[in-house]
Amino acid sequence: AFAFAFTVAAVSDLVSSSLVRDAAGSISYVDPTQWNYGTGYTYTLYSYAAYCPYETLDTWTCKWCQANETTRSFQTSGFFNDRDTNTYGYAGYNTDLEQIIVAFRGTEMGSLKNWITDLKYAKLTPLKSYPNVSVHDGFYQAWKNLSPQVMPVVQALHQQFANYDVVVTGHSLGAALATLCMVELAENNIPAYIWDYGRPRVGNQPFSMLSMQSAKASFRHVNQRDTVPHLPLEAMGFFHAPTEVWYHENEWRVCDPTNGEDRTCSDSQYFDTSISDHLHYFNLYESCSSKKRTDDEADQLDSTPPPYWPPTADQRRLYRELGLKF
């Protein structure tokens, strides 16, 4: 009853209208307040840009930086990096869209540190002094390390561009960091929109409520059978925040806006998940290189455990019992 569906054919006109300037010279149909294809596509580019080298982000010449009209006028203002957790991000502003963008990098393919941070034993830890609110300890530690770098940059941008919307985005681990960033921005009277991709579960159910209340609007994209949004497990006390937007069978579905675990959306695919789908949001392979992943390589991702996946023996047993691929 809560899901609204958009086929790819139905959104084709929206794509063209969202990627061009209107008669007044302004870019139209990039609206963070409500879901549409063009806006989701645009923030995917910002999320993927976080995987690119610093030099190309500083000059905004990376593969994803110049991929679309809606991203080309962006200017970077600051970068964040924590070596201990191997996490990274950037922030800046887009004068055409009148938006401040904060983006976080996800798990790098060759980075064991990032993957361990992402998928190590799930353990909940209290979030500050919030009653009953707990979050993944690895994600929280990574955010605490980055926060002293992120907050001053965003606060300065917000002061300079007081009328601009603030949009936080990220893919994979970057989506988890974006969620924690959005909550802290709200604590500091900078309410933000969050559009993210392949987000793992970040905290418990009280945290999902806090996240929902903190965001001006939240759209959590799940691509088909992406395995990462199913982890950490609900059985371990984790719970997603709404609103999920699920791409499945050539159709986009905007799911229950009040329940992050809508059983009619990606939760219905719980026992048939894919690593390859995690890497291909909006049919774009997340790498910053020009190489495109072939169908054979994508199939191999789902048939063999990749080198960056280090589950323990107990985790492997649990995944087998639940029918999860690893």
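In this text the structure is predicted, and so the values were computed from the model without any measurement.

Draft legend 1. Region of interest: the packing of helix H5 (residues 137-160) against helix H6 (residues 173-187). Between H5 and H6, the shortest axis-to-axis distance is 10 Å and the interhelical angle comes to 55 degrees. Judged on the interaxial angle alone, H6 and H5 are oblique. Between H5 and H6 the crossing geometry is right-handed. Residue-level contacts link Phe139, Tyr140, Ala142, Trp143, Leu146, Ser147, Val150, Met151 and Val154 of H5 to Leu173, Ala176, Leu177, Leu180, Cys181, Glu184 and Leu185 of H6.

Draft legend 2. Fine view of the packing of H6 against helix H7 (residues 205-214). Where H6 meets H7, the axes come as close as 9 Å, and the angle between the chain directions of the two elements is 60 degrees. Taken together, the axes of H6 and H7 are oblique relative to one another. Crossing geometry of H6 relative to H7 is assigned as left-handed. Across the interface between the two elements, Thr179, Leu180, Met182, Val183 and Ala186 of H6 pack against Phe207, Leu210, Ser211 and Ser214 of H7. Taken together, the residues of the contact of H6 with H7 break down into six nonpolar, three polar and no charged.

Draft legend 3. Structural detail: the pattern of salt bridges. A full pass over the atoms with the stated rule returns 10 salt bridges. For the salt bridge of Arg72 with Glu69, the shortest nitrogen-to-oxygen distance reads 3.4 Å. Residue Arg201 is joined to Asp267 by a salt bridge in which the shortest nitrogen-to-oxygen separation is 3.8 Å. Separated by 66 residues along the polypeptide, Arg201 in the loop between strand E8 (193-197) and H7 and Asp267 in the loop between strand E11 (251-254) and strand E12 (280-281) bring together distant segments of the chain. Judged by its relative accessible area of 0%, Arg201 falls in the buried class. Residue classification places Asp267 among the buried positions, given a relative accessible area of 10%. Linked through salt bridges whose partners overlap, the residues forming this network are Arg201, Glu234, Glu261, Arg263 and Asp267.

Draft legend 4. Focus on the environment of Glu249. Among the secondary structure elements, Glu249 is positioned in the loop between strand E10 (244-248) and E11. A relative accessible area of 65% places Glu249 in the exposed class. Residues Glu249 and Gln224, 25 residues apart in the sequence, show an inter-C-alpha distance of 7.6 Å.

Draft legend 5. Just the pairing of strand E4 (residues 99-104), in detail. The buried fraction of E4 amounts to six of the six residues, a majority that puts the element mostly inside the structure. Neither face of E4 is left uncovered, since the one carrying Gln99, Ile101 and Ala103 and the one carrying Ile100, Val102 and Phe104 both have all their residues buried. Across six bridges, strand E3 (residues 87-94) lies against E4 in antiparallel orientation. When the bridges of E4 are listed, Gly89 appears paired with Phe104. Adjacent in sequence and paired antiparallel, E3 and E4 are bridged by four residues, among which Glu98 carries a positive phi angle near 55 degrees. One ladder, built from six bridges, connects E4 with strand E7 (residues 165-171); its direction is parallel. Residue pairing in the sheet places Phe104 in a bridge with Gly170 of E7.

Draft legend 6. Broad picture of unusual backbone geometry. Looking along the chain, the bond that leaves Leu231 and enters Pro232 is cis, with omega of -15 degrees. With respect to the helices and strands, Pro232 occurs in the loop between strand E9 (217-223) and E10. Phi angles above zero are rare outside glycine, and Glu249 is one such case at about 50 degrees. Notably, Phe282 is not glycine yet its phi reads approximately 55 degrees, a positive angle. Within the secondary structure layout, Phe282 lies in the loop between E12 and strand E13 (284-285). The buried category is assigned to Phe282, whose relative accessible area is 6%.

Draft legend 7. Spotlight on the environment of Pro257. The residue Pro257 is located in the loop between E11 and E12 in this model. Considered as a pair, Pro257 and Ser218 are 39 residues apart in the sequence and their alpha carbons are 9.0 Å apart.

Calculation rules
The numbering scheme is per chain: residues are counted from 1 as the chain's sequence reads. The predicted nature of this model means local features are confined to residues of pLDDT at least 70 and side-chain atom pairs, given and counted, to a pLDDT of 80 or more, with totals for whole chains, interfaces and linings taken over all residues. Each side-chain value is worked out from all heavy atoms of the structure, with water and hydrogens disregarded. For every element, the axis is a line fit to its C-alpha atoms; helices are fit only across the contacting stretch, and the angle between N-to-C directions ranges from 0 to 180 degrees. Put simply, DSSP H or I for four residues or longer makes a helix, DSSP E for two residues or longer makes a strand, and each gets a number counted from the N terminus. Should an angle fall under 35 degrees it is taken as roughly parallel, and over 145 as roughly antiparallel, whereas 65 to 115 is taken as roughly perpendicular and any remaining angle as oblique. Working rule for handedness: look at the near helix, and if it is turned counterclockwise from the far one by less than a right angle, call the crossing left-handed; if clockwise, right-handed. Any pair of residues with heavy atoms lying within 4.5 Å of one another is described as a contacting pair. All residues other than Ala, Val, Leu, Ile, Met, Phe, Trp, Tyr, Cys, Pro, Asp, Glu, Lys and Arg, Gly among them, are scored as polar; the first ten of these are nonpolar and the last four charged. The rule for a salt bridge is simple: a side-chain nitrogen of Lys or Arg has to be within 4 Å of a carboxyl oxygen of Asp or Glu. Each residue is assigned to one of three classes by its accessible area relative to the maximum for its type, calculated with a 1.4 Å probe on protein chains only: buried under 20%, partly exposed between the two thresholds, exposed over 50%. What makes two strands pair is DSSP finding at least two bridges between them.

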